[in-house]
Amino acid sequence: GNSVTQMEGPVTLSEEAFLTINCTYTATGYPSLFWYVQYPGEGLQLLLKATKADDKGSNKGFEATYRKETTSFHLEKGSVQVSDSAVYFCALSDPTNQAGTALIFGKGTTLSVSS
Amino acid sequence: EPEVTQTPSHQVTQMGQEVILRCVPISNHLYFYWYRQILGQKVEFLVSFYNNEISEKSEIFDDQFSVERPDGSNFTLKIRSTKLEDSAMYFCASRTTLQNTGELFFGEGSRLTVL
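In this text the structure is predicted, and so the values were computed from the model without any measurement.

Trainee: So what's going on with the sheet that holds strand E3 (residues 19-24) of chain B? Residues and values would help.
Mentor: Consider a sheet: its strands pair through backbone hydrogen bonds, and that pairing is either parallel or antiparallel. All names here are of chain B. Taken in spatial order, the four strands line up as E1-E3-E8-E7 in an open sheet, and their pairing is antiparallel. Bordering the open sheet on either side are strand E1 (5-7) and strand E7 (65-68), each of which pairs with just one other strand. Taking each pair of neighbouring strands and ignoring which way they run, the sheet shows an average axis angle of 15 degrees. Taken together, the four bridges between E7 and strand E8 (residues 75-79) define a ladder with antiparallel strand orientation.

Here it is in structure tokens:
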């Protein structure tokens, strides 16, 4: 079935460090891929998305490239800030199930950035 | 900016009690969802709802669960007789379009603690 696997956290970095959060997926067909972020005390917010192979999603300095050959959608940021501390969720849309499940999530990776 | 709102933010209940979690989706959205996240686990799909009926439900969504859109604005999740393992964060989400490239908008979540 369709699934998403994220690297285990927590990830602890100093400000201005480089961030990578790994995400791989299993899916039939051609899913869209998403990164959602959950800041403390808030709901899930869409960070970026990519809808087809080789697409790069980007937002707020974060980037992720849809790699079909490696079934990956790793999240990267060149220089993290304390305000980036949050939980990051990788997700995919199930292309075989339009109205139903909508999104399949990974477990989430907690990022903690210190100054 | 329009947002999905959820109430209560936190509810503590005794095992066996009924709980109703409320959501107000974004007003022009047509598709509604409930997800839950047990602490430290994945965000899991519970149920999707469109045109006043359930589109799909997961195996988690057993007979103890029900959803309703009673008045055209609220979207509720009822747990008839809570169990300890129902303790989780429950997220409501909505979207305008059926396309899986479309963004799902999430509320801040309702934390349910069953004692």
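There is more to say after this.
Trainee: Outline the sheet that holds strand E3 (residues 19-21) of chain A, listing residues and values.
Mentor: All names here are of chain A. If you walk across this open sheet you meet the four strands as E3-E9-E8-E7, and the pairing is antiparallel. Each having just a single partner strand, E3 and strand E7 (56-59) make up the two edges of the open sheet. Averaged over all adjacent pairs, the angle separating strand axes in this sheet is 15 degrees, with direction ignored. Relative to strand E9 (residues 75-77), strand E8 (residues 62-65) runs antiparallel, the two sharing three bridges. From the neighbouring strand, Ala64 faces E9, where its bridge partner is Leu75.

Trainee: Would you mind going over the nonpolar core in detail, with residue names and values included?
Mentor: By size, the foremost hydrophobic cluster in this structure holds 27 residues, and its most contacted members are Leu19, Trp35, Leu47, Leu48, Phe73, Leu75 and Tyr88 of chain A. With four residues, the top contributor of residues to this core is strand E10 (residues 86-92) of chain A. Setting aside anything within four residues of it in sequence, one finds Tyr88 of chain A in contact with Gln6, Ile21, Trp35, Tyr36, Val37, Leu47, Phe62, Leu75, Gly108, Thr109 and Leu111 of chain A. Core analysis: the next-biggest nonpolar cluster, separate from the first, contains 22 residues, Leu46, Val67, Cys92 and Leu112 of chain B among them.

Calculation notes
- Residues numbered from 1 in each chain as written.
- Chains lettered and ligands numbered in written order.
- Predicted model: local features only at pLDDT ≥ 70, side-chain atom pairs only at ≥ 80, totals over all residues.
- Heavy atoms only, no water.
- Pairing = 2+ DSSP bridges.
- Helix = DSSP H or I, 4+ residues; strand = E, 2+ residues; numbered from the N terminus.
- Axes fitted to C-alpha atoms, helices over the stretch in contact; angles between N-to-C directions.
- Core = buried A, V, L, I, M, F, W, Y, C linked by side-chain atoms within 4.5 Å.
- Buried < 20%, exposed > 50% of the residue type's maximum accessible area, 1.4 Å probe, protein only.
- Contact = heavy atoms within 4.5 Å.

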